[in-house]
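# Commentary on secondary and tertiary structure
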Amino acid sequence: MLSPLAKAAAVITASLSLLTSVHAASTCNGSPDLCSRSFGNVTFVGSHDSYAIGLNNLATNQDQNITTQLDNGIRMLQIQTHNQSGTIQLCHTSCGLYNGGTLQTYLTTVKSWLDANPNDVLSLLIVNNDNFLPPAYDSVFKAVGLDSMAYAPSSASLTTDKWPTLGTLIDSSKRLLTFMDYNADFTSVPYIIDEFSNIWETAYDVTTSFDCAVNRSKGDTSTSMYLINHFLDTVLLGSPVPDPGDADKTNAVSGTNSLGAQVQLCASQYSRNPNFMLVDFYEYGGGSVFQVAATANGVQYNPSTPIASPSSTSSSSSSGSGSGSSNGAGKLQWSTGLVIISSVFLGALSVF
Ligand SMILES: *[C@@H]1O[C@H](CO)[C@@H](O)[C@H](O)[C@H]1NC(C)=O
Ligand SMILES: *[C@@H]1O[C@H](CO)[C@@H](O)[C@H](O)[C@H]1NC(C)=O
Ligand SMILES: *[C@@H]1O[C@H](CO)[C@@H](O)[C@H](O)[C@H]1NC(C)=O
Ligand SMILES: *[C@@H]1O[C@H](CO)[C@@H](O)[C@H](O)[C@H]1NC(C)=O
């Protein structure tokens with residue numbers, strides 16, 4: 001028999017848990033299982049140079065627009081910022097080589113997507129190429145209305161286990177986590193989070209095979225999150241440039257140089273999966289990059305919409321052969337483009 005006091009306590013406990021379940025998000029980033037997981041314990045797929053979109057250009061790393069990237073499952077957007085007459089512009093290497101528009105226009109698209117997808121947590125990784133200070137970013141975030149959605153940690157760096165759960169981030173509507181490689185300043189704009197004291201990275205611009213050695217870090221790598229740069233470049237005129245030709249294999253679940261293989265290698269070295277996996281031409285592999293993330297997270301991979309088809313495939317179908325050998329055709333078209341473009345930009349280029 002329960003005493004009246006115990007009964008009352010039981011009723012209160014039950015109502016409290018009901019309240020919690022009413023208010024708490026039931027699905028987080030596509031899965032109920034991820035709501036109770038710390039942000040620092042989830043593996044996300046990121047698009048490297050997310051804004052550098054296009055075909056047959058040496059300086060493009062993606063061929064789907066930002067909304068499609070997000071709809072398909074990209075949950076970290078990496079961008080490189082440049083100073084164009086005082087405006088924060090998304091260019092690649094230089095604004096003459098590739099100009100992806102202003103940060104403000106880009107973030108407006110991101111904000112619309114976040115508004116339409118209230119149960120998703122997204123990260124932004126800023127490569128602060130021209131050393132803007134945090135208040136310059138803050139002005140753009142405010143103009144777009146993203147400052148109020150941006151999560152500000154309680155201190156400049158957090159150990160992996162101290163990040164809030166995805167459920168907490170979603171319930172508190174602080175669903176955007178913004179990391180910046182250089183010039184972050186917790187005392188000036190706390191939601192622009194210093195990358196390297198919170199996340200370490202493997203090598204980038206890899207042209208042969210991937211390893212899991214620490215390449216860049218500014219903290220204790222045993223307690224921080226980590227990011228793997230999983231995009232394979234090709235060497236053109238002595239400089240590494242993105243290459244969609246091998247992307248099917250690079251993005252694959254298994255096999256030599258695949259994303260799945262690098263995750264397994266890193267997990268075996270560090271006893272935990274990478275937090276972020278940056279890829280090029282993410283849709284090559286037909287969703288394999290998201291399958292790798294789902295497996296790492298121990299959840300079912302259930303895409304709600306089909307993964308986009310590589311753009312080079314569709315544009316090359318006019319050459320006649322239809323769907324069968326479309327990737328080969330895309331590759332041929334790409335190489336032709338490389339030759340044309342390289343003859344224009346003959347000179348030292350490093351596109352990363
Ligand atoms: C993004 O791409 C999708 C699929 O190709 C297309 O339907 C949509 O109109 C594009 N959005 C913009 C803003 O270009
Ligand atoms: C950006 O460029 C403008 C000149 O175009 C300059 O006045 C300004 O100081 C630059 N900003 C930074 C952060 O270097
Ligand atoms: C980091 O990676 C870059 C590019 O791959 C390489 O040039 C550099 O030597 C690496 N640095 C360290 C410390 O491993
Ligand atoms: C999350 O935690 C589980 C259990 O400890 C671990 O197997 C997995 O690698 C972790 N993932 C990340 C990204 O930390």
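Basis of the calculations
Residues numbered from 1 in each chain as written. Chains lettered and ligands numbered in written order. Predicted model: local features only at pLDDT ≥ 70, side-chain atom pairs only at ≥ 80, totals over all residues. Helix = DSSP H or I, 4+ residues; strand = E, 2+ residues; numbered from the N terminus. Buried ≥ 20, exposed ≤ 12 C-beta atoms within 10 Å, placed from the backbone. Contact = placed C-beta atoms within 7 Å. Near = placed C-beta within 6 Å. Nonpolar A, V, L, I, M, F, W, Y, C, P; charged D, E, K, R; others polar. Arc of directions from axis to C-beta. Pairing = 2+ DSSP bridges. Axes fitted to C-alpha atoms, helices over the stretch in contact; angles between N-to-C directions. Parallel < 35°, antiparallel > 145°, perpendicular 65-115°, else oblique. Left-handed = near helix turned anticlockwise from the far one by under 90°. pLDDT = per-residue confidence, 0-100. Core = buried A, V, L, I, M, F, W, Y, C linked by C-beta atoms within 7 Å.

Per an unreviewed UniProt entry, the protein goes by PLC-like phosphodiesterase and derives from Coniophora puteana.

With that settled, consider the overall build of the protein. Looking only at helices and strands, the protein has ten helices and twelve strands in total. Per-residue burial over the protein gives 44% buried out of 352 residues. Across the protein, the fraction of contacts at a sequence separation of at least 24, relative to all contacts at a separation of at least 6, is 70%.

Taking burial as the measure, the ten residues of helix α8 (residues 288–297) include nine buried ones, the bulk of the element. All of the buried residues along α8 are Ser288, Val289, Phe290, Gln291, Val292, Ala293, Ala294, Ala296 and Asn297. Tucked inside the fold, the buried residues of α8 contact β1 (44–47), α7 (259–270) and β12 (276–279). Directly beyond the C-terminal end of α8, a positive phi value near 70 degrees is found at glycine 298.

Neighbouring residues of ligand 3: Ala203, Tyr204, Asp205 and Asn215. Per-class residue counts for the shell around ligand 3 are two nonpolar, one polar and one charged.

On to helix α4 (residues 134–144), then. The set of residues buried in α4 consists of Pro134, Tyr137, Val140 and Phe141. The arc that holds every buried residue of α4, seen down its axis, measures 125 degrees, which confines them to one face. Structural note: α4 exposes Pro135 and Lys142 on the side pointing more than 90 degrees away from its buried face. Turning to α4, the residues buried within the fold contact β3 (87–92), α3 (103–116) and β7 (192–194).

Inspection of the region around ligand 2 gives Asn83, Ser85, Gly86, Asp130, Asn131 and Phe132 as its neighbouring residues. Among the residues forming the shell around ligand 2, the class breakdown is one nonpolar, four polar and one charged.

Sheet analysis places β3 next to strand β4 (residues 94–102), joined by three bridges and oriented antiparallel. Each residue of the ladder has a partner; that of glutamine 89, found in β4, is threonine 102.

Where α3 meets α4, the closest approach of the two axes is 9 Å, and the angle between their N-to-C directions is 45 degrees. In terms of orientation, α3 lies oblique with respect to α4. At the point where α3 passes α4, the crossing takes the right-handed sense. Contact with α3, carried on its side by Leu103, Gln104, Leu107, Thr108 and Lys111, involves Val140, Phe141, Ala143 and Val144 of α4 and no other residues of that element. The residue makeup of the contact of α3 with α4, split by class, is six nonpolar, two polar and one charged.

Below, the discussion takes up the confidence of the model for the protein. Mean pLDDT over the protein works out to 86, with 82% of the residues at or above the 70 mark. Considering only residues more than four positions removed or in separate chains, one finds that residues 11–22, a stretch of pLDDT under 50, has zero contacts.

Here we take up the pairing of strand β2 (residues 76–84). Among the nine residues of β2, seven are classified as buried, and the element is accordingly described as predominantly covered. Bridging between β1 and β2 involves two bridges; their strand directions are parallel. Bridged to serine 47 within β2 is leucine 77. Pairing of β2 with strand β5 (residues 122–127), which is carried by five bridges, proceeds in the parallel orientation. Paired with methionine 76 across the strands is serine 123, a residue of β5. Pairing of β2 with β3 involves four bridges; the strand directions are antiparallel.

The next subject is the nonpolar core. With 82 residues, the main nonpolar core has Val45, Leu166, Leu176 and Ala293 as its most contacted residues. If you tally residues by element for this core, the top one is α8, at six residues.

With a phi angle near 65 degrees, threonine 93 is a residue other than glycine that sits in the positive phi range. Tracing the backbone shows threonine 93 in the loop between β3 and β4. Despite not being glycine, asparagine 183 has its phi angle at roughly 80 degrees, a positive value. Here asparagine 183 shows up in the loop between β6 (176–180) and β7. Since 17 C-beta atoms lie within 10 Å of it, asparagine 183 is described here as partly exposed.

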